[in-house]
Structures are given as structure tokens and as C-alpha cells.
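Chain by chain, the residues:
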Amino acid sequence: MISDKCQYNHLGENMYIVNIAIEIKEGFKDQFIEGIKQNASHAQNDEPGCLRFNVIQDANNANRIWVYEVYKDEAAFQAHTQSPHYLKFRSMSDEWRED
């Protein structure tokens, strides 16, 4: 997994950005995509601190998904990692991802 997390200042506002490449095990892509789409939908609709949550298919690798998330601040990201939808997705997807 390729991961990058950083603070970013845009027009005087600090934001927390997460950019992750996730390798999915062969045969688990459909389940993974469905689960992460639900996680992204809940994050954007239920978490006021989540400003953006994009799921992007890698152009060169059918089993690599990029996740680009923008949060109001690091505390909003930490709250996301404790949300019921994130914890559910994380527990299901552990067996679907390559380490």
C-alpha cells in the first residue's frame, strides 16, 4: 500500500489530505469496490469534516485503487477512522487487500 498524508493550507484554511494506493487481491475487486463506495458515500454524507472522498481506478493496474480524501483537519480524519461505516469496511476489506 502506498500512502501519503499531509496538512495542506488552502486560502488560509488547513486541510488534511489522504492519498492511498490500495492493491486488491485477485478475485476480490467487486467486493472491495462495493464496500469502499459505501464507505465513501457515508463519509461524504454523514461526516461534516469530510470534504472529498474519491475512489479512482488505476489506469495501468486493474487491481490497484487510489483513494483521495480531503478532511477539514486531522481531527476530522481521526473521527472518520472511528466511524461505524469505516470500521465495518475496514474489518471486511482486510482480507481483500494485499499487504
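Within any chain, residue numbers begin from 1 and follow the written order of that chain's sequence. Confidence filtering applies because this is a predicted model: local features only for residues at pLDDT of at least 70, side-chain atom pairs given and counted only at 80 or more, and all residues used for totals across whole chains, interfaces and linings. Values shown for side chains rest on all heavy atoms present in the structure; no hydrogens or waters enter the calculation.

K.L.:
Mind showing me how you'd approach the packing of helix α1 (residues 29-46) against helix α3 (residues 84-93) here?
P.N.:
Describing two packed helices takes the angle between their axes plus the distance from one axis to the other. In this description, a line fitted to the C-alpha atoms serves as the axis of each element, helices being fitted only across the stretch in contact, and the angle between N-to-C directions of two axes falls anywhere from 0 to 180 degrees. A run of H or I in DSSP becomes a helix once it reaches four residues, and a run of E becomes a strand once it reaches two; helices and strands are each numbered from the N terminus. In contact at an axis separation of 9 Å, α1 and α3 are set at 165 degrees when each is read in the N-to-C sense. The pairing of α1 with α3 is recorded here as roughly antiparallel in orientation. Relative to α3, α1 is oriented so that their crossing is left-handed. Across the interface between the two elements, F32, G35, I36, N39, H42 and A43 from α1 touch H85, Y86, F89 and S93 from α3. Only Asp, Glu, Lys and Arg are considered charged, only Ala, Val, Leu, Ile, Met, Phe, Trp, Tyr, Cys and Pro nonpolar, and every remaining residue, Gly among them, polar. When the residues that make up the contact of α1 with α3 are grouped by side-chain class, the tally is 5 nonpolar, 5 polar and no charged. An angle below 35 degrees is treated as roughly parallel, one above 145 as roughly antiparallel, one from 65 to 115 as roughly perpendicular, and anything else as oblique. Crossing handedness is defined as follows: a turn of the near helix away from the far one that is anticlockwise and smaller than a right angle gives a left-handed crossing, while the clockwise case is right-handed. We call two residues contacting when some pair of their heavy atoms lies within 4.5 Å.

K.L.:
Would you explain the nonpolar core in this entry?
P.N.:
Nonpolar side chains in soluble globular proteins tend to be buried together. Nonpolar core, defined: a set of buried Ala, Val, Leu, Ile, Met, Phe, Trp, Tyr and Cys residues in which side-chain atoms within 4.5 Å join the residues together. Residue burial is assigned from relative accessible area. The probe radius is 1.4 Å, only protein chains are included, and a residue is buried under 20% of its type maximum, exposed over 50%, and partly exposed in between. Ranked by size, the top nonpolar core spans 18 residues in total, and within it V18, I22, F32, I36, F53, V67 and Y71 carry the most contacts. Secondary structure elements with two or more residues in this core: β2 (13-23), α1, β3 (50-57), β4 (64-71) and α2 (74-80). With near-sequence residues (within four places) excluded, F32 lies in contact with I22, I24, I65, F89, S93, W96 and R97.

K.L.:
Could you clarify how one ought to interpret the packing of aromatic side chains in this entry?
P.N.:
Given two aromatic rings, one states the distance between the centres and the angle between the planes to describe the pair. Stacked, tilted and edge-to-face pairs are distinguished by plane angle, under 30 degrees for stacked and over 60 for edge-to-face with tilted covering the rest, among Phe, Tyr and Trp rings (Trp via its six-membered ring) whose centres lie within 6.5 Å. In this structure the tally under the stated criterion is 3 aromatic pairs. Each ring, one from Y16 and one from F77, has its centre 5.3 Å from the other, and the planes form 35 degrees; the classification is tilted. A residue pair is termed long-range when its members are at least 10 positions apart, and Y16 in strand β2 and F77 in helix α2 qualify at 61 residues. Both residues of the pair, Y16 and F77, belong to the buried class.

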